[in-house]
Amino acid sequence: MRYRKLGKTGLVVSELGFGTIPILSGRVPVLPEYFSPDTDTAVAIMKKAFDYGCNFYDTAIPEEYGDAEMKLGVFAKTVDRKKIVISDKARFYGGGDIYREVLRSVDNLGTKPDIYFVHQVDESNVDEVLGKGGALDALYDLKREGKIGFTGIASHYYDVLLRAVKDPRVDVLQGSGNILERGMLDRISGEEAFKGKGFILNKVYAAGLLIGPFSVAELIGGILGYPFSSALLGVGTFEQAEAAFGTEYPPLTFSFEEVLKRLKNSFDPIECARCQRCVCPFGHEIHTSFRQFNYFHLGKEYWAAGKLKMDLEQTYAHCRTCEDKPCMKECPRGLYVPEEIGRIHGLLEAYGNA
Ligand code: SF4
Ligand code: SF4
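All right, on to the environment of glycine 236 then. Along the chain, the position of glycine 236 falls in the loop between strand S10 (230–234) and helix H10 (238–245). Under the relative-accessibility criterion, glycine 236 is labelled buried at 4%. When the C-alpha atoms of glycine 236 and glycine 177 are compared, they prove to be 20 Å apart, with 59 residues separating the residues in sequence. The contacts of glycine 236, once residues within four sequence positions are left out, are Pro22, Ile23, Phe35, Pro37 and Ile45.

Here it is, written out as structure tokens:
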């Protein structure tokens, strides 16, 4: 296992970290597979990762990750606590709410989280999160009170992360990317503000969907060139722990064109790298629809179709009368967005009639 600095926190984390969604039990509406191991088994899986050199474990409150937070707390008691780094998160945007959740997390874990993230920050809540009395203010207070180690903002959106990284109260960022959805990682790599900041990467396996078309070695090796601190891998079985942490994978140069070529063996993907430069004045989140289209073909038909249906009909109508098509001006892939929206519309129609 190789290790990287976690920004300016003074912490050193394993290049590959343990994402705890797959060890949760119960019914939580999350995308990745989970295996509902009992606590002893879950602890043994986390220990196996630890024995391979993993020292970074990421979880969230029970409403999001079921009992994973409690299981991680049990595991933390079985090892020298100083040898692992725990990050936790909650989806609350007001200061009072997240302050309460952090105290509950400390109770559930039985130890202080080294990092605590405001989870799933987006355009609709970022002003509240970063504003006076918001969640970030509360995390900053909790850090000064010694109840958490460091503060974090987790988001799937580049513009939100860019805003957060410039805020001196933020110690660590968490964002998503993989060899297919690499556009945000490319932008982060080129942006000065992110240099030297702690950055945790999630969705390396795209919630498991990329395993199949690609091997674990390709998915991990293909992202190692990016300047993250630790890349989280969802692990729910001993076999997955072995595959994720049991081999030191070499970095791979895996071009976007090669990735697309591989996908084209089974379907015609939308060739979007998810850089998020396309902005639709009608508020349509183009990159998310393109991602769901690809996810649909990678084995999450029902889930992706449900997400796609939300505003697609309206967008399809807007696209047909949109003269300037401002979304296309910044697309480095030169995608003809309305045509791709049309393909998604056709897919949903066919799916609805199936
Ligand atoms: S072409 Fe469609 S997606 Fe692009 S800006 Fe116009 S309405 Fe939005
Ligand atoms: S459609 Fe183009 S601009 Fe938009 S996220 Fe994809 S690659 Fe980037």
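Close to ligand 2 lie 13 residues, the nearest being Cys272, Cys275, Gln276, Cys278 and Cys331. Counted by class, the shell around ligand 2 contains eight nonpolar, two polar and three charged residues.

Turning our attention to the nonpolar core. Membership of the largest hydrophobic core comes to 87 residues, with the highest contact counts inside it found for Phe18, Tyr57 and Ile153. For this core, the domains that each give at least three residues are domain 1 (3–253) and domain 2 (267–353). Not counting residues up to four positions away in its chain, the partners in contact with phenylalanine 18 are Ile23, Ile45, Met46, Ala49, Cys54, Phe56, Tyr57, Asp58, Leu232, Leu233, Val235 and Phe245. Ranked by size, the runner-up nonpolar core spans 20 residues in total, among them Phe290, Leu308, Leu335 and Ile341.

This part is about helix H4 (residues 95–109). Compared with an ideal rise of 1.5 Å per residue, which puts 15 residues at 21 Å, H4 spans 21 Å between its outermost C-alpha atoms and is within 8% of the ideal. Regarding H4, the residues found buried are Gly95, Ile98, Glu101, Val102, Ser105 and Leu109. All buried residues of H4 project into a common sector of 125° when viewed along the axis, lining one side. Those residues of H4 that are exposed and aimed more than 90 degrees away from the buried face are Gly96 and Asp107. Contacts made by the buried residues of H4 are with helix H3 (68–76), strand S5 (85–90), strand S6 (115–118) and helix H6 (135–144). Once H4 ends, the next one or two residues include glycine 110, with phi positive near 75°.

Contacts to ligand 1 come from Cys280, Pro281, Phe282, Ile286, His318, Cys319, Cys322, Lys325, Pro326, Cys327, Val337 and Pro338. Put simply, the parts of the chain that give the shell around ligand 1 at least two residues each are helix H13 (301–321) and helix H14 (337–353). Its residues assigned to classes, the shell around ligand 1 shows ten nonpolar, one polar and one charged.

All right, on to the domain arrangement of the chain then. In many reports, interface size means the accessible area that the parts give up when they come together. Once the domains are mapped, the chain shows domain 1 (3–253) and domain 2 (267–353). Between the C-alpha centres of domain 1 and domain 2 there is a distance of 28 Å. If you look at the interface, domain 1 gives 15 residues, while domain 2 gives 14 residues. Where domain 1 packs against domain 2, one counts two salt bridges. A salt bridge links glutamate 181 to arginine 291, with the nearest nitrogen and oxygen atoms 3.0 Å apart. Taken together, the residues that form the side of domain 1 that touches domain 2 break down as nine nonpolar, two polar and four charged.

The subject of this paragraph is the pattern of salt bridges. Enumeration over the complete set of coordinates arrives at 29 salt bridges. Between glutamate 15 and arginine 4 there is a salt bridge, with the nearest N and O atoms lying 3.0 Å from each other. Here glutamate 15 is found in the loop between strand S2 (12–14) and strand S3 (16–19), whereas its partner arginine 4 is found in strand S1 (residues 3–5), with eleven residues between them in sequence. For arginine 4, a relative accessible area of 17% gives the class buried. One salt-bridge network, in which partners are shared between bridges, spans Glu63, Asp97, Arg100, Glu101 and Arg104.

Turning our eyes to something else, we now look at helix H1 (residues 39–51). The first and last C-alpha atoms of H1 sit 18 Å apart over 13 residues, in line with the 18 Å expected at 1.5 Å per residue. The inward-facing, buried residues of H1 contact S3, strand S4 (56–58), H3 and H10. Downstream of H1 by one or two residues, glycine 53 has phi in the positive range, about 110°.

Counted under the stated rule, the structure contains seven aromatic pairs. Note on tyrosine 158 and phenylalanine 194: the rings are 6.1 Å apart at their centroids and 35° apart in plane angle, and the pair reads as tilted. Residue tyrosine 158 is found in helix H7 (residues 158–165), and its partner phenylalanine 194 is found in the loop between helix H8 (183–190) and strand S9 (198–202); the two are separated by 36 residues along the sequence. An identical accessibility class is assigned to tyrosine 158 and phenylalanine 194; each is buried. Grouping aromatic residues by their ring pairs yields a cluster made of Phe18, Phe50, Tyr57, Phe75 and Phe245. Across from the ring centre of phenylalanine 228, 4.2 Å away, lies the NZ or CZ of arginine 4, which sits over that ring.

A separate point is the sheet that holds strand S8 (residues 172–176). Judged by pairing direction, the barrel is parallel, and its eight strands sit side by side in the order S3-S4-S5-S6-S7-S8-S9-S10 before closing back on the first. On average, each strand axis in the sheet is tilted by 25° relative to the strand beside it, whichever way the strands run. With respect to the sheet, H10 is in contact with S3 and S10, its orientation differing from that of S3 by roughly 160°.

Rules used throughout
- Starting from 1, residues in each chain are numbered consecutively following that chain's sequence as written.
- Chains and ligands are labelled sequentially in the order written, the chains with letters from A and the ligands with numbers from 1.
- A pLDDT threshold of at least 70 governs which residues receive local features in this predicted model, and a stricter bar of 80 or more applies before side-chain atom pairs are shown or counted, although totals over entire chains, interfaces and linings include all residues.
- Only heavy atoms go into the side-chain values, all of them from the structure, while hydrogens and water stay out.
- The numbering of helices and of strands both runs from the N terminus, where a helix is a DSSP run of H or I of at least 4 residues and a strand a run of E of at least 2.
- Think of it in three bands: with a 1.4 Å probe and only protein chains considered, a residue is buried below 20% of the maximum accessible area for its type, exposed above 50%, and partly exposed in between.
- Contact criterion: two residues are considered in contact whenever any of their non-hydrogen atoms come within 4.5 Å of each other.
- Throughout, near means a residue has at least one heavy atom within 4 Å of the molecule or strand.
- Nonpolar residues are Ala, Val, Leu, Ile, Met, Phe, Trp, Tyr, Cys and Pro. Charged residues are Asp, Glu, Lys and Arg, and all others, Gly as well, are polar.
- Here the nonpolar core consists of buried residues drawn from Ala, Val, Leu, Ile, Met, Phe, Trp, Tyr and Cys, with membership extended through side-chain atoms lying within 4.5 Å.
- Per the annotation, domain bounds derive from an automatic or database assignment of domains.
- In a helix, the anticipated span is given by 1.5 Å times the number of residues less one.
- The arc in question is formed by the directions pointing from the helix axis toward the C-beta atoms.
- Salt bridge, as used here: a side-chain nitrogen of Lys or Arg that lies within 4 Å of a carboxyl oxygen of Asp or Glu.
- To pair, rings of Phe, Tyr and Trp, with the six-membered ring standing in for Trp, must have centres within 6.5 Å; the planes then decide the type, stacked if under 30 degrees apart, edge-to-face if over 60, and tilted in the middle.
- For a Lys NZ or an Arg CZ to count as sitting over a ring, it must be within 6 Å of the ring centre and within 35 degrees of the ring normal.
- Here, strands pair whenever DSSP counts at least two bridges between them.
- Interaxial angles span 0 to 180 degrees and are taken between N-to-C directions of axes, which are lines fitted to C-alpha atoms, for helices over the stretch in contact.

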